[in-house]
Amino acid sequence: MIDVTKAVAEAGAWGIGLRDWMELRTHVYGNVDGFGDCDLEDASDEEWRGRVAQVLIENGLAPKANRYIECCRYGVRLQCKGPVTHELFSPLYCDLRYCPRCGPRQFARLIEKHSPAVNAVCKQKKPGYLLREITFTSLNTGELSSLQVKRFNQNVKAAVKKAFAKSDAWGALWCDEVGFNNTNLHAHVLVYGPYIEQAVLAETWRTISGDSVVYIRKAHVNGPKALIHLLKYVSKMPADVPEIIGQLEVAFHKCRRVHALGVFYNFSGDDTDNIESEWTTCPHCGADLERLPGTFRLEKLIMEGRTFVGLRHPERKQSWVN
Amino acid sequence: MKEEVSSKRQGYKVWRNPSQPGEPVKYLGEFFPPEGQCRILGCDLKQLGFGPGEYTVLAPPDRPYAGLFSKWRKVVIPE
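Residues numbered from 1 in each chain as written. Chains lettered and ligands numbered in written order. Predicted model: local features only at pLDDT ≥ 70, side-chain atom pairs only at ≥ 80, totals over all residues. Heavy atoms only, no water.

> Tell me about the pairing of strand β2 (residues 87-91) of chain A, residues and numbers included.
Two faces make up the sheet, and in a regular strand the side chains alternate between them. Residues and elements named next belong to chain A. Across the five residues that make up β2, a large majority, four, are buried. Where strand β1 (residues 74-80) and β2 come together, five bridges link them in antiparallel fashion. Opposite R77, over in β2, you have F89 as the bridge partner. In sequence, β1 turns back onto β2 through a hairpin of six residues, with T85 there showing a positive phi of about 45°. (Buried < 20%, exposed > 50% of the residue type's maximum accessible area, 1.4 Å probe, protein only. Helix = DSSP H or I, 4+ residues; strand = E, 2+ residues; numbered from the N terminus. Pairing = 2+ DSSP bridges.)

This is the structure:
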């Protein structure tokens, strides 16, 4: 975490912007150039991240901007407590929604989190109940704010609850999405419940949100695949323009993107991977891991011959996964 | 090459990297490469009187051949 006030003052004294101050840190606080030449190997990645960070800085999200710039440039040393003391490392990720590295990771974690619930309802075979796919759309106003996203999510929640109010044991999972390179906010919902007329659902949506376009159909694939289909856009970048990515990150600041209702809510199942990370133990010998002090550039940790393990946190922070 | 700050053109900003953990990064100023040269090299910094060590150089946005030369560059003056 950076001290933003101090960073702004220092950047001002040096005649550079906050984005350049953040980039400078990532260059300076590494003391090994693992690949032999002094030019940056991934200048295009850095340029992309810098432009996204600039939008975040302009919207008062400097700490997030710094995380975005530093994503996967540093890592921590881990050591196992076994007799051989295997040496490992884990990168420090930004865990932002629209990071090309962290998006796919979040997708994997979401699949792990929600698969048990979807599998459980698929096994139930309740008469008349099926997995159905609903799409709620909203009017594209050409811009997207945090308030719009929050209101949209409230509307989706209200519409689904109203539509299935008379049923029992229903569940819904939804994921907010935007169109590629635009602000067309819509939600894909995976519902487990009884049949409902499209016209009834559309009327419910129109009454609650004022928007009229709703699609519903039986899920065209089985349980786990329907979940993958629902969440696949979490792993994909919704724009190829960094400034749009920055604006989306701002719009979704403190807004959940994936939501669960009914029987899908807070469903942990029997899978312990939903509770704790598999990387609490050494992948070589199974002994406990301990984190050594300090953070280091990734190339240094690679050059030390350490084994990569994927997660920084000993416990999976499920509340982050949204 | 001498230190100068132009109001029209931005120069190359140079910082000295810490040689030990805990040491702060030191801003050295803004410099221009010698005539006919499109970036600052270690020998240029040496000529300016800087000693052995590692430096980070920020090139201005209007640098020549921006597509070829990256914005940030690590420059080393050997012992």
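Okay, back to it.
> So what's going on with the pattern of salt bridges? Which residues, and what values?
Residue and element names in this part refer to chain A. One pass over the structure, following the stated rule, counts 18 salt bridges over all chains. The partner of R105 in a salt bridge is D95, with the nearest N and O atoms 3.0 Å apart. Note that R105 is positioned in helix α5 (residues 102-124) and D95 in the loop between β2 and α5, a separation of 10 residues in sequence. For the residue pair R105 and D95, the accessibility class agrees, reading buried in each case. (Salt bridge = Lys/Arg side-chain N within 4 Å of Asp/Glu carboxyl O.)

> Kindly report on the nonpolar core, identifying the contributing residues and their values.
Counting 89 residues, the largest nonpolar core has F136(A) and L231(A) as the members making the most contacts within it. The element that contributes the greatest number of residues to this core is α5(A), accounting for seven residues. Beyond its immediate sequence surroundings of up to four residues, F136(A) is in contact with F152(A), V156(A), A159(A), V160(A), H186(A), A187(A), V189(A), L201(A), W205(A), V213(A) and V214(A). Ranked by size, the runner-up nonpolar core spans 12 residues in total, among them I40(B), F50(B), Y55(B) and V57(B). (Core = buried A, V, L, I, M, F, W, Y, C linked by side-chain atoms within 4.5 Å. Contact = heavy atoms within 4.5 Å.)

> So what's going on with the packing of helix α2 (residues 18-28) of chain A against helix α3 (residues 43-58) of chain A? Which residues, and what values?
Residue and element names in this part refer to chain A. Between α2 and α3, whose axes approach to 9 Å, the crossing angle comes to 135°. On the basis of their axis angle, the class for α2 and α3 is oblique. Two packed elements cross with a definite hand, and for α2 against α3 that hand is right-handed. Contacts between α2 and α3 involve L18, R19, M22, E23, T26 and H27 from the first element and E46, E47, G50, R51, Q54 and I57 from the second. Here the residues of the contact of α2 with α3 sort into three nonpolar, four polar and five charged. (Axes fitted to C-alpha atoms, helices over the stretch in contact; angles between N-to-C directions. Parallel < 35°, antiparallel > 145°, perpendicular 65-115°, else oblique. Left-handed = near helix turned anticlockwise from the far one by under 90°. Nonpolar A, V, L, I, M, F, W, Y, C, P; charged D, E, K, R; others polar.)

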